[in-house]
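# Structure assessment
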Protein chains: 2
Amino acid sequence: MQFRARERSPSTRGRTGTLRLAGRDIETPAFMPVGTRASVKTLSSWDLEESGARIVLANTYHLYLRPGQETIRRLGGLHRFMDWSGAILTDSGGYQVFSLAELRAVLPDGVRFRSHLDGSEHFFTPELSMEVQHALGSDVAMAFDICTPYPCARDEARRQMERTSAWAERSRARFRELSDGRAALFGIVQGGVHPDLRSESAARLVSIGFEGYALGGLAVGEPAPVRWEMVERGDADLPEERPRYLMGVGQPEDILEAVHRGCDLFDCVLPTRGARHGTVYTLAGRFSIKARIHAEDPGPLDPDCDCRVCGRCSRAYLRHLFQVGEPLGPRLVSHHNVRTYLRLMEKIRAALREGRYDAFRRRTRDALLGTEPPAPAAPETPKEG
Amino acid sequence: MQFRARERSPSTRGRTGTLRLAGRDIETPAFMPVGTRASVKTLSSWDLEESGARIVLANTYHLYLRPGQETIRRLGGLHRFMDWSGAILTDSGGYQVFSLAELRAVLPDGVRFRSHLDGSEHFFTPELSMEVQHALGSDVAMAFDICTPYPCARDEARRQMERTSAWAERSRARFRELSDGRAALFGIVQGGVHPDLRSESAARLVSIGFEGYALGGLAVGEPAPVRWEMVERGDADLPEERPRYLMGVGQPEDILEAVHRGCDLFDCVLPTRGARHGTVYTLAGRFSIKARIHAEDPGPLDPDCDCRVCGRCSRAYLRHLFQVGEPLGPRLVSHHNVRTYLRLMEKIRAALREGRYDAFRRRTRDALLGTEPPAPAAPETPKEG
């Protein structure tokens, strides 16, 4: 992996960069659609290509349980399995072990848990996490960590951060043994919302040395000002020449703020999860396609969007699909929402390159958070063609 | 509407033809994917275009209830609503009124029923059915009929056939008043499985005069030999120069037999309904993608298929999607299944044109019904690329 970050402009800590992964260039800041179980929900690999996605996230815990990493390895790896020509980042499984599984015990060596699917018992270690991610053929693996919840008392946050640091070292060692030099390993900063613990976490990770660094344990319920303070701390603590990944973030307005504070990579389930409930993302705010106001609206979801759904389908049709429960509705809104996130990233990169990011951020945030409901997308006559 | 049927070959009653509907040429025999509620389940209009579909079926009863035909009319009609560039046939709503709604009363003028959705009361007449189909902008409307169930005593079947004949006449009259000459109206032969009643039904419809004729009340549970006898009866009773549509049929092997007996048009929910349950159609038989045997199969669903799913996705991946319940699974199998049905029709037309239909029918039927489970699609090494 190579990462080349361009100089920051004076008015923002935001930056553009290029992440080279196994021969693929990914322009940063970048958004990774989430393909938890080797599928970005409802979307095909050709939809993702069309959307402009260059990297997706997949989930070590889920794929370890089903279909199993050895199955995917025998089938040629996750890229071939999903027929995905872009890059893949896999999370370490830590988050899901703590949030989904029935936890049995956190031991010095790893975590004993029962599968949320069938109750079967498993023991995940930093070494096993590396082995699973290696078998999947991940381009970016994540160190096995404990995601500290919010709130978390200082002592407990320290214990978890220290264990995360120890596991990061073991992750690094096992990754090195397995690696052919093509894949990257990112360490994950923890420490809850305690600035000194987070700085200590970052320092320990940097001394181990990773190709990139993630900010973990955020977007888990903490107040926004606290989150941004922690992100700024991470920006100060982490080396400029490495990419920073803010895990699980977030709403478009959150991404704007995080870029402003030096983050390069993002993932979030919102564009696809929201789509299943009829939430449409645009760069002028989100709305529910289920609302009565759209029932006879011949205009597209977003007149500024270049996706195929906006080119071909009316709000009225999409609302109808949701009203009657047709599975095409969530699919088409997912398609649009993912493209919207990727268009946001394109606009962010252009604004950064052109030295106008701070103005862009403020204007876009105001548009996103405007309290006005979005106007009907088009005059009330049917569109041509 | 124009229809030009080519001469039959001596060994079969099967025939090719061209149906011209509102400037679109549809080669027959043709299969119509079913888009009940203005959506062929899980598939976009661009998927359907890619599959080679030229005509789809939509449902008057469902669209009358939601979103309402006036909404669709105001939005420019069903073609624009669905963004579908091909032709559309709408059924009359009769079948759903009798099968889905809570029936209140069959009166001489029409049918009083309660919506299966909210219990609201409605009165459907032949005239209203024509008005709804006209508002939808259907290319082929169907006369409002009573679909006789199986079994049905002769007296009752006669009463229903006579009412269907009277309603056909009223459908024709109202259609004529509404028509600008672009759309076609088909009459529906009923009479249960009583040959003389069916012949009488056909004669009455022919004396009214329709652009095409449908064989109704079949594929509702009757034994196959009885069904084929009724289809042959229809072939003998109906004018050569009009298209014949066998409603609701069916499995690929049924379509082969129906074409052999002179049918030109088909519709069936099986390719999409089956896909939701993991049933994969191929021209060498159907199988469940959920079966364990596919778990590590790197080959496509059907090595003979030219669809995008077969070009890009392995059986192993598709099985995984079903195992974990990802909505992409039903979507991709629907895509493949619809293409399989349309490929079957392409092969049927080629065999008819080349005077080898009877041999094709026998060979394909044997392949479809072979008791051998389909072999793994490819050798057990990962495919290239």
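It should be emphasised that the depicted structure is a prediction, and the values quoted were computed from it without experimental measurement.

So, how was this worked out
Residues numbered from 1 in each chain as written. Chains lettered and ligands numbered in written order. Predicted model: local features only at pLDDT ≥ 70, side-chain atom pairs only at ≥ 80, totals over all residues. Helix = DSSP H or I, 4+ residues; strand = E, 2+ residues; numbered from the N terminus. Rg over C-alpha atoms; globule rule 2.2 N^0.38 Å. Buried ≥ 20, exposed ≤ 12 C-beta atoms within 10 Å, placed from the backbone. Contact = placed C-beta atoms within 7 Å. Nonpolar A, V, L, I, M, F, W, Y, C, P; charged D, E, K, R; others polar. Least-squares fit on C-alpha atoms with pLDDT ≥ 70 in both. Pairing = 2+ DSSP bridges. Axes fitted to C-alpha atoms, helices over the stretch in contact; angles between N-to-C directions. Domains from an automatic or database assignment. Expected span 1.5 Å × (residues − 1). Arc of directions from axis to C-beta.

## What about the overall build of chain A?
In terms of regular secondary structure, chain A is built from 15 helices and 16 strands. For 385 residues, the compact-globule estimate of 2.2 N^0.38 gives 21 Å, and chain A sits close to it at 21 Å. Expressed along its principal axes, the backbone C-alpha trace of chain A runs to roughly 65 × 50 × 40 Å. In chain A, which comprises 385 residues, the proportion classed as buried is 56%.

## Thoughts on the interface of chain B and chain A
Where interface size is quoted, it is often the accessible area lost as the parts come together. In this assembly, 38 residues from chain B lie in contact with 38 residues from chain A. Among the secondary structure elements, those contributing two or more residues to the side of chain B that touches chain A are helix 1 (45-51), helix 3 (69-74), helix 4 (78-82), helix 12 (308-312), helix 13 (315-324) and helix 14 (328-353) of chain B. Among the elements that line the side of chain B that touches chain A, the one with the most residues is helix 13 of chain B, at six residues. The class makeup of the residues in the side of chain B that touches chain A is 18 nonpolar, nine polar and eleven charged.

## Let's talk about the relation of the copies chain B and chain A
Superposing chain B onto chain A requires a rotation of 180° together with a translation of 0.0 Å along the rotation axis, leaving an RMSD of 0.0 Å. Taken together, the turn and the small shift mark the pair as related by a two-fold rotation axis. Of the C-alpha atoms belonging to chain B, the one lying closest to the rotation axis is found on Pro 327 of chain B, 4.1 Å away. With an isologous cut-off of 70% or more, the 100% of interface residues of chain B that recur at the interface of chain A puts this contact in the isologous class.

## Topic: the pairing of strand 16 (residues 285-288) of chain B
Pairing analysis gives four bridges linking strand 15 (residues 279-282) of chain B to strand 16 of chain B, with the strands arranged antiparallel. Bridging from a neighbouring strand, Thr 282 of chain B pairs with Gly 285 of chain B of strand 16 of chain B.

## Here's the deal with the environment of Thr 282 of chain A
Within the secondary structure layout, Thr 282 of chain A lies in strand 15 (residues 279-282). Using a count of 24 C-beta atoms within 10 Å as the deciding quantity, one classes Thr 282 of chain A as buried.

## Considerations on the sheet that holds strand 3 (residues 24-28) of chain A
Across a sheet, strands are paired by hydrogen bonds formed along the backbone, either parallel or antiparallel in direction. All names here are of chain A. With antiparallel pairing, three strands are arranged side by side in an open sheet as 1-2-3. Edge strands, defined here as strands with exactly one partner in the open sheet, are strand 1 (2-5) and strand 3. The average undirected angle you get between the axes of adjacent strands in this sheet is 15°. Pairing between strand 2 (residues 17-21) and strand 3: five bridges, direction antiparallel. Within strand 3, the residue paired with Leu 21 across the bridge is Arg 24.

## Brief notes about the environment of Leu 65 of chain B
Residue and element names in this part refer to chain B. Among the secondary structure elements, Leu 65 is positioned in helix 2 (residues 60-65). Taking the C-alpha atoms as reference points, Leu 65 and Thr 90, separated by 25 residues in sequence, lie 14 Å from one another. Residues contacting Leu 65, with those up to four places away along its chain left out, are Ser 115 and Leu 117.

## Describing the pairing of strand 5 (residues 55-59) of chain A
All names here are of chain A. Here strand 5 lies mainly inside the structure; five of its five residues are buried. Relative to strand 6 (residues 87-91), strand 5 runs parallel, the two sharing five bridges. Across the sheet, the residue bridging to Asn 59 is Asp 91, located in strand 6.

## Here we look at the domain arrangement of chain A
All names here are of chain A. Here the domain parsing of chain A yields domain 1 (2-268) and domain 2 (275-369). With 25 residues of domain 1 in contact, the opposing surface of domain 2 contributes 24 residues. Mapped by element, the contributors of at least two residues to the side of domain 1 that touches domain 2 are strand 4 (30-33), helix 1 (45-51) and helix 10 (252-260). In terms of residue count, the dominant contributor to the side of domain 1 that touches domain 2 is helix 10 (six residues).

## Some words on the sheet that holds strand 9 (residues 121-124) of chain A
All names here are of chain A. What the three strands build is an open sheet, ordered 7-8-9; its pairing is antiparallel. Two strands in the sheet have a free side with no partner beyond their single neighbour: strand 7 (102-107) and strand 9. Pairs of neighbouring strands in the sheet enclose a mean axial angle of 20°, with direction left out of account. In this sheet, strand 9 lies alongside strand 8 (residues 110-114) in antiparallel orientation, the contact comprising four bridges. When the bridges of strand 9 are listed, Phe 113 appears paired with His 122.

## Quick word on helix 8 (residues 195-208) of chain B
Residues and elements named next belong to chain B. With 14 residues, helix 8 extends 20 Å from end C-alpha to end C-alpha; this agrees with the ideal 20 Å at 1.5 Å per step. Listing the buried residues of helix 8 in full gives Leu 197, Arg 198, Ser 201, Ala 202 and Leu 205. Along the axis of helix 8, the buried positions cluster into a sector of 135°, meaning they face one direction only. Residues of helix 8 that are exposed and point over 90 degrees away from its buried face: Asp 196 and Ser 207. Where the residues of helix 8 are buried, they touch helix 7 (154-178), strand 11 (184-189), strand 12 (212-215) and helix 9 (224-237). Positioned one or two residues after helix 8, Gly 209 has a phi angle of 95°, which is positive.

## Observations regarding unusual backbone geometry
Residue and element names in this part refer to chain A. That bond from Arg 66 to Pro 67 is cis: its omega, 5°, falls within 30 degrees of zero. Assignment of secondary structure puts Pro 67 in the loop between helix 2 (60-65) and helix 3 (69-74). The omega torsion across Val 249 and Gly 250 is 0°, close enough to zero to call that bond cis. Summarising the element assignment, Gly 250 is placed in the loop between strand 13 (244-246) and helix 10.

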